[in-house]
Structure formats: structure tokens, C-alpha cells
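Take a look at the letters that make up each chain.
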Amino acid sequence: MSATCEHCGQSAATATAVEITTDSGPKVFCCHGCEAAWQWINSSGLGRFYDHRQPGNAVNAVTRGDDYALAAVAAHYVAHIDGQAEVTLDIGGMHCAACAWLIEAVAARCDGIVRCDVSLSSHRAVVRFDPQRTNLGEIVAALAKPGFAPQPVIAGETSERQVDERRRSLKRLAVAALFGMQTMMLAIGLYLGEFHGMSPSTTELLELASLALTLPILLYAARPFYAGAWRGLAERRPGMDVPVALALTIAFGASLLATMGVTTTVYYDSVAMFVLFLSASRYLEQSARHRAEDSAVSLARLLPDAVDRITDTNGTERIARSELSPRDRVVVRAGDTVPADGVLAAGSLTVDEAILSGEARPIAREVGDRLTAGAGIVGGTGQLLVERTGASTELAGIGRLIERARSGVHRHGVADKLATNFVVGVLATAALAAAVWSLVDPGRVIPITLAVLIVACPCALALATPTALASAATVLSQAGVLLVNSRLIHTLGRRALILFDKTGTLTLGRPSLAATHRPGPADDGDVRQLAAALEAHSEHPLSGAFAACRTDAVLAESVDIVAGAGVEGTIAGIRYRVGNATYVSELVGTELPFAAPLDKTRVYLGHVGVWDAAFDITDELRPDAAATVQQLQAAGFAIAIASGDHSGVVSQVAAELGIDGWHAELSPSDKLELLAQLRRDDRAVIMVGDGVNDAPVLAAADAAIAMGGGTALAQSNADAVLVDERLQPLVELVALAATTRTLITQSAAWAIGYNLTAVAAASLGWVTPWMAAIGMSASSLLVVGNALRLQRVGHRSTSRKQPLTERPA
């Protein structure tokens with residue numbers, strides 16, 4: 001009987017061991033759980049998982065999904081976005097690319113799962129699903145069947161996996177350092193012995209001691225390199241671990257032969273130094289990644305564990321934050337942190353929103369103003385009317401954007417393919433050098449081959465772009481820009497046109513009701529409440545103008561929303577519409593009795609045969625809109641406006657901002673047509689918007705930027721999000737993008753130049769293995785250091801707030 005479990009790879013010599021007979025022969029498992037997972041994987045046609053899985057990686061944890069099927073529990077983790085739901089899962093038992101492939105394959109077979117994005121680096125999966133067809137409990141149970149342990153988390157929360165990963169890496173680095181230093185000390189003795197004479201018995205003793213010290217390094221500290229090499233070969237995409245593993249194997253094999261007396265030269269010191277340098281580099285890289293993750297973790301730690309909820313008797317009760325529900329009222333006072341998204345229902349507060357928007361100055365909030373989870377209360381006391389909790393808060397949304405940014409910013413297929421081709425070239429060069437030197441000087445074949453394999457640094461080439469982009473993302477986050485997709489950095493370097501939405505983008509998105517017009521006698525309060533009941537279901541910025549008019553006594557049912565047009569619903573048995581004139585007139589069926597205003601946005605309300613009211617709405621320009629537009633124009637960008645508002649309002653805004661190109665009264669489909677027209681000049685179009693009606697054009701543009709106060713749908717289609725209410729970060733984004741592209745070019749040029757020179761020098765025998773190890777590590781560190789310069793440059797630029805004068809490259 002085999003002693004290895006067919007599923008998890010661990011020992012099957014246990015009391016719970018199970019043996020079954022299959023068409024391919026007997027199979028042994030360490031327990032019934034692994035047997036069930038193996039049976040399910042093969043019966044589902046996913047047996048290829050075992051062909052590609054990295055050896056030695058156990059997948060034996062199983063998670064029950066019963067608890068997560070409870071609505072109260074799932075509500076803490078699941079966010080609802082545009083009729084769909086989204087959850088972030090930490091995947092226990094995930095180890096390699098084959099695991100990621102299996103998870104995505106399982107998810108694709110699950111009814112109701114719309115999309116599953118698995119990140120191998122963070123061991124997390126972001127799952128988008130239809131809540132009408134499945135639930136969190138079913139998803140967790142499905143992903144647990146292959147043997148994984150999926151754990152729902154609020155985006156940004158830390159996990160035990162990260163702690164274990166850091167601990168293992170530190171242990172490997174410690175082993176490499178401890179035994180490596182001892183090996184180097186013995187190597188000095190061996191080198192000196194060659195010049196000053198050393199007895200054969202002493203040489204043999206030192207070589208045996210070096211062998212004993214090198215074995216822990218090779219078997220434990222170097223294990224990730226061998227695992228990575230095997231994974232790359234299995235996937236037919238060899239990475240830098242392949243030449244590393246090959247060099248270590250050749251060096252150790254040649255040293256072992258020398259210790260046995262077959263050859264004369266040992267390379268134990270080269271093995272030790274190489275593993276030590278690479279382990280240190282990888283530990284630093286991992287620490288940087290964890291620090292980036294910790295910035296997201298800090299978001300989840302902002303919220304309080306308990307809150308004071310106001311009861312029906314106007315008293316308070318202390319409850320866990322997870323028990324909060326929409327429509328609850330919570331007491332917030334100085335020193336507290338806002339526990340959920342909502343509206344200030346009573347009192348006045350001074351709020352610190354620096355963690356969310358980057359605005360260092362406290363902001364005054366009055367009744368009716370919105371409060372965001374995570375904001376700190378500096379002064380005052382008030383009551384928060386809760387609207388969104390848990391995974392649906394804006395804070396959790398930022399966490400999900402960070403999760404998406406981790407995978408979006410680091411996906412660089414061209415660089416990865418170039419690095420793969422480079423590895424193949426290095427292997428071929430090493431083979432050619434070995435063949436040539438075997439004819440010229442056979443005694444130098446091994447050291448020259450080792451030098452070629454070691455000195456080559458495909459990691460420097462592969463790191464050039466992602467490290468610069470990661471640094472850019474860090475600097476931009478400090479400036480109030482969350483970079484989600486790196487294509488924006490490259491698009492800003494083209495001859496681009498920046499297309500702005502008006503309402504909520506160039507304007508503050510805080511509309512106020514200026515006037516109400518009626519065709520006949522009626523109560524203003526009645527028509528405003530009717531409009532407010534309909535607008536309560538809309539995410540359009542203009543709906544906020546009616547927030548103060550909402551009442552529980554007037555509610556809309558059977559609501560239908562038409563993006564860019566308006567809202568239709570039934571109130572007290574009557575079908576109403578609120579929106580633009582064209583949309584409402586389709587239901588009313590009579591001629592419009594109101595004259596169009598010249599300088600205000602107008603919204604209409606009506607039902608069959610009756611125009612109930614017309615509402616004039618005003619919205620102020622953002623204070624920094626004019627300066628931002630001027631600086632972008634000075635940098636060489638063309639600026640235009642695309643708005644659904646009527647031409648009088650749009651033309652006035654364009655004139656105030658100095659924008660010549662403006663387009664008004666556009667539906668979402670009209671904006672898409674405009675986008676196609678603007679592209680005819682072979683010019684990239686960058687869309688900046690915030691609303692549901694902007695989502696299609698944001699998704700279709702060459703690059704897209706969403707406002708932080710905009711809708712979740714708009715943000716999900718954006719390449720960057722401005723997390724506060726300022727437009728000025730756009731200027732900093734453009735300037736930093738130019739610097740980032742310069743650093744990427746510099747790093748890539750250095751990586752290519754270094755490798756061509758170093759490989760050639762090593763092939764000619766000018767570089768020893770220990771020199772190659774130093775050169776390889778130094779090359780990677782130089783590329784990383786060059787990328788980190790961006791943080792210093794970015795910090796100075798964001799501190800000085802200098803005007804933008806550089807044109808896009």
C-alpha cells in the first residue's frame with residue numbers, strides 16, 4: 001500500500017486511511033475527506049488538476065458553508081452592486097497556479113456565479129454572483145468540495161495565510177543566513193589552503209562539513225525555487241526559477257562529486273551565497289507586498305466593534321456593529337468612528353475624513369449631510385440614520401477596489417512573455433557555452449555554465465514595470481487617487497482627450513431644489529414628496545435634491561429606472577414618472593406647459609394626462625474645477641464635456657471653465673456614439689464620470705476615471721477612482737504618469753543592457769559564480785530601487801502641489 005495520499009500528498013499511514021479500487025488501480029487516501037474530494041474532482045472532469053499541481057502542496061482542508069447560508073451572516077461579507085452580489089474569499093489550501101485554475105473551473109460550473117477572479121499572489125478570490133440563483137453558503141460549499149477552505153472576508157481584512165507566509169519566508173531566510181555564513185567561513189579556509197598548502201585529510205574534512213551545512217540550505221531554504229521551477233515547466237512557461245534551480249543543482253552536484261574525489265572543485269559557497277541573496281530579495285519583495293496589503297487591512301480595522309443604537313423608546317442599547325441594519329439610528333459623538341454609511345439625522349458634527357479622502361482639515365456636517373463609515377468624529381454629537389452596512393459601505397468598496405487593483409496593476413502579459421523567452425534564451429546560451437568550453441578548456445565548463453545561469457536576471461526585466469506601477473499606485477493613493485488598472489498610466493501618454501461628465505463630476509453633485517413650478521393650484525409639499533418617493537430609488541446625483549422631502553408616508557412601488565432619463569413607479573395606485581421632459585411626456589401624453597429655463601437643470605413630474613410639476617435644480621461647480629481644467633489644457637490635453645443636461649446649463653458651465661467642446665442632452669447611447677466620433681481622429685479618449693448613466697461610456701473609453709462619491713457601477717468600470725471631492729488629483733495623476741513611464745523605460749533599458757552584457761561576459765569566462773550571484777541580486781535591487789524613487793518624487797510633488805507644466809510623453 002502506498003504511504004502517500006492521492007489527493008493531498010500527505011502521509012496515508014494513519015488510522016483513518018482509506019483504500020479504494022479504480023480502473024487505473026488502487027488508490028490510497030489519508031481520510032474519507034480526501035477521498036471525497038478526489039472523487040468529486042475526477043467525476044467533474046477536473047482531473048487535470050493533479051497533472052499540474054505543484055508536488056508536496058497539500059489540499060486537505062474542507063469548509064462547511066451552512067453558517068454562511070444565513071442571511072444575517074452573509075450580509076456582513078456580501079456587497080450588492082447593480083442587482084448582483086460580490087464577496088471576497090480567502091482560499092485556504094491554495095498553493096499554486098493549478099489550485100487557482102481548479103477554483104476558477106469549479107466556479108464556472110456553479111449555477112449563479114457570474115465571475116470569479118482568483119489572485120495567486122494574495123490567495124484570494126473575488127466572486128460576483130446572482131443572489132436570486134445562489135447564496136454565499138452554496139458558493140463556500142462548492143469551493144470546499146475540492147478540498148479548499150474558502151473563508152469570506154471583508155475586502156481588506158488580514159488572514160492567517162499572510163502571517164504563515166511571512167513566518168515561513170523568515171525561517172528560510174534565517175536558515176540560509178545561518179548555514180550560509182558557516183559555509184562561507186569554511187570556503188575561506190579551502191581557498192587559503194590552495195595557496196598555503198593544506199593536508200588532504202583537512203581538505204576532506206572541510207568539504208564534508210561544507211556538505212553538511214549546505215544540505216539544509218538546499219533542502220529547505222531553496223525549496224521555493226525548485227517548486228517555482230517545477231510549476232513553470234509544468235505550465236510550459238519557465239520563469240526565473242528554472243535557471244536558478246538548474247544552477248543550484250549543477251553546483252551542488254559538482255561539489256558532491258568533488259567531495260567524493262571524482263573532481264577537484266567544490267561550489268558549496270556559491271550555492272549558499274546564491275540562495276541567501278535570492279531569499280533576502282524575495283523576503284524584501286514579500287514584505288513590500290504585505291505592506292501594500294496592510295494598507296487595505298487598516299481600512300477594515302477603522303470601524304468600531306460596538307455602537308449605541310437608539311431604541312423605540314428613545315433610549316439606547318449597546319450592540320455589535322454587525323447587528324446594524326438600514327434605517328437604524330445610532331448615536332455618534334466626539335471620539336467615535338462612524339460605523340456605517342448614512343445621513344446625519346440630528347445634531348451637528350466636525351468630521352475627519354482624511355483616511356477616506358486625504359483631506360486633512362476637519363469638515364463640518366449638518367443635518368441631511370452624508371457620513372461615511374470610517375470617518376472620525378472630531379467634535380459634536382449627533383444621530384446617524386444608517387443606510388448601508390458591512391460589505392455595502394463605501395469603505396468596504398474601497399477595499400474591494402484595492403483587491404482588484406492588486407491584480408489589475410500587476411497583470412503584464414507582455415513583460416511576462418518577454419521574461420519567459422529570455423529564460424529560454426539563457427538556458428540555450430548556457431548550453432552553448434558549456435559545449436564550446438568543453439572543447440576549449442573542459443576544466444572551466446562547470447564554473448562558466450554556473451556563471452551564465454546565475455548572472456542572468458529575468459526577474460529584473462519582469463519587475464521593471466510592475467514595481468514602478470506599484471510605487472505609482474502608492475503615491476497616487478496618498479494624493480487621493482486609487483489606481484485600479486495600469487492601462488491608464490500608458491493611455492495618459494498618448495494624444496488624449498479628457499471627456500468630463502457634468503453633474504457630480506465638474507459640479508459638486510450636491511444639487512438643491514431651487515424652485516417648484518405647477519400648471520395649476522396644488523400643494524408644493526405633495527408634489528415634492530411624490531418626486532422624492534420616486535427619486536429615492538435612483539442613484540443619479542440629481543436625486544439628492546429631493547432627499548429632504550422624503551417621508552415614510554409616501555412610498556413608490558413597482559419602480560422602473562431608465563438610465564439617463566428618469567424613474568417610473570406607482571404611488572397610491574397612480575403611475576408617475578419623474579425625469580427629463582421627453583421621458584415624462586411619453587407617459588403624460590400632452591404638451592409641456594412649462595418654459596425651459598436657461599441657467600438651471602429642470603426635472604419634471606407627471607402621470608397619465610397630467611403634468612404635476614417642474615423642479616428647478618442648481619448644483620455648484622467644484623471649487624478646483626477651473627484650475628484643474630486650465631492645467632490639463634496647458635499640459636496638452638483636449639477637454640470636452642458630455643452631459644445629459646440641457647444645453648443652456650451645459651454651455652454656461654463650459655463658458656465658466658473655458659471649455660470649447662461641449663455636448664448636451666445626451667443619453668447613455670448618445671455618449672457612446674460621441675465616443676466613437678471622437679476616436680476618429682486616432683485620439684485616445686479618457687472619460688471622467690460618476691453616475692449610472694456614465695457606466696457604459698466609462699467601460700468603452702480607452703481609459704476611465706470615476707469620482708469617489710459616484711455610484712458603485714461607475715467605479716467598477718473605472719481604471720482609477722478619485723476618492724475625495726477634488727478634481728486636482730487629476731493633475732497629479734497626469735504628472736506622476738509621465739514620471740512612471742520614464743522610470744519604466746529606464747528600468748527596462750537597464751535590465752536588458754545588464755543581461756546582454758553580463759551573459760556575454762559570463763560566457764567568455766570573465767565572471768565567477770560568486771560574482772554572478774552578487775550581480776544578479778544587485779540588478780534586481782537596482783530596478784526596485786529605481787521604482788521606489790517614484791515615491792520620493794511623488795511625495796515632493798504632492799507636498800508642493802506645483803502646477804502641471806509637463807506635456808504627456
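This structure is a prediction, so every number in the text was calculated from the model and none was measured.

In a packed pair of helices, the relevant descriptors are the angle between the two axes and the axis-to-axis distance. Where helix α20 (residues 625–634) contacts helix α25 (residues 729–763), the axes come no closer than 9 Å and their chain directions differ by 20 degrees. As far as their axial angle goes, α25 and α20 are roughly parallel. Between α20 and α25, the residues in contact are Thr-628, Gln-631 and Leu-632 and Leu-730, Val-731 and Val-734, respectively. Each residue belonging to the contact of α20 with α25 can be placed in one class, and the counts come to four nonpolar, two polar and no charged.

Formed by 50 residues in total, the largest nonpolar core has its most connected members in Leu-248, Phe-274 and Val-275. Elements with a contribution of two residues or more to this core: α6 (160–196), α7 (200–221), α9 (241–259), α10 (268–300), α13 (413–440), α14 (445–455), α25 and α26 (769–800). Of all the elements, α14 adds the most residues to this core, at eight residues. In terms of nonpolar packing, the next biggest core, distinct from the first, is built from 46 residues, Ala-635, Ala-720, Ala-737 and Leu-790 among them.

Taken together, the six strands give an open sheet; going across it, the order is β17-β22-β21-β20-β19-β18, and neighbouring strands pair in antiparallel fashion. Looking along the sheet, the strands with just one partner apiece sit at the ends: β17 (512–517) and β18 (557–562). Pairwise comparison of adjacent strand axes, ignoring direction, gives a mean angle of 20 degrees for this sheet. Examined bridge by bridge, β18 and strand β19 (residues 566–571) share four bridges and lie antiparallel to one another. By the bridge assignment for β19, Glu-557 is matched with Thr-570. Its contacts with the sheet put helix α19 (residues 581–588) on β18, β19, β20 (574–579), β21 (601–607) and β22 (610–618), and the angle it makes with β20 is roughly 160 degrees.

Attention now goes to the sheet that holds strand β27 (residues 720–722). With mixed pairing, seven strands are arranged side by side in an open sheet as β15-β27-β26-β25-β16-β23-β24. Sheet topology places β15 (481–483) and β24 (661–663) at the edges, where each strand pairs with a single neighbour. Across the sheet, the mean angle from the axis of one strand to that of its neighbour is 20 degrees, orientation sign disregarded. With three bridges connecting them, strand β23 (residues 638–642) and β24 associate as parallel partners. For Ala-640, the partnering residue across the bridge sits in β24 and is Gly-661.

Assignment of secondary structure puts Val-562 in strand β18. The class for Val-562 is partly exposed, based on a relative accessible area of 33%. In this structure the C-alpha to C-alpha distance between Val-562 and Gly-579, which are 17 residues apart in sequence, comes to 9.3 Å.

The next subject is a nonpolar patch on the surface. Taken together, the side chains of Leu-256, Leu-257, Met-260 and Val-262 make up a nonpolar region of the molecular surface, amounting to roughly 370 Å² of accessible area. Examined against the element boundaries, Met-260 turns out to sit in the loop between α9 and α10.

Compared with an ideal rise of 1.5 Å per residue, which puts 19 residues at 27 Å, α9 spans 26 Å between its outermost C-alpha atoms and is within 8% of the ideal. One or two steps after α9, the chain reaches Gly-261, where phi turns positive at roughly 90 degrees.

Turning our eyes to something else, we now look at unusual backbone geometry. Positive phi is not limited to glycine here, since Arg-327 has a value of about 85 degrees. Relative to the helices and strands, Arg-327 resides in the loop between β9 (316–320) and β10 (329–333). Residue classification places Arg-327 among the exposed positions, given a relative accessible area of 56%.

Okay, the packing of aromatic side chains next. Counted by the stated rule, this structure contains five aromatic pairs. With 5.1 Å between their ring centres and 85 degrees between their planes, Phe-546 and Phe-615 make a pair best called edge-to-face. Of the two residues, Phe-546 sits in the loop between α18 (524–535) and β18 while Phe-615 sits in strand β22, which places them 69 residues apart along the sequence. The exposure class assigned to Phe-546 is buried, which follows from its relative accessible area of 0%. Take Phe-615: its relative accessible area is 0%, and that puts it in the buried class. A ring pair is formed by Phe-594 and Tyr-604, whose centres lie 6.1 Å apart and whose planes are at 35 degrees; its orientation type is tilted. With Phe-594 in the loop between α19 and β21 and Tyr-604 in strand β21, the pair connects residues that are 10 residues apart, well separated along the chain. Assessed through its relative accessible area of 12%, Phe-594 is described here as buried. Given the relative accessible area of 6%, Tyr-604 is considered buried. Connected via pairs of aromatic rings, a cluster forms that spans Phe-594, Tyr-604 and Trp-611.

The rules behind these values
- Residues numbered from 1 in each chain as written.
- Predicted model: local features only at pLDDT ≥ 70, side-chain atom pairs only at ≥ 80, totals over all residues.
- Heavy atoms only, no water.
- Axes fitted to C-alpha atoms, helices over the stretch in contact; angles between N-to-C directions.
- Helix = DSSP H or I, 4+ residues; strand = E, 2+ residues; numbered from the N terminus.
- Parallel < 35°, antiparallel > 145°, perpendicular 65-115°, else oblique.
- Contact = heavy atoms within 4.5 Å.
- Nonpolar A, V, L, I, M, F, W, Y, C, P; charged D, E, K, R; others polar.
- Core = buried A, V, L, I, M, F, W, Y, C linked by side-chain atoms within 4.5 Å.
- Buried < 20%, exposed > 50% of the residue type's maximum accessible area, 1.4 Å probe, protein only.
- Pairing = 2+ DSSP bridges.
- Patch = residues over 30% accessible without salt bridge, like charges linked within 9 Å, V, L, I, M, F, W, Y side chains within 5 Å.
- Areas by Shrake-Rupley, 256 points an atom, 1.4 Å probe, with all protein chains shown as cover.
- Salt bridge = Lys/Arg side-chain N within 4 Å of Asp/Glu carboxyl O.
- Expected span 1.5 Å × (residues − 1).
- Phe/Tyr/Trp six-rings, centres within 6.5 Å; stacked < 30°, edge-to-face > 60°.

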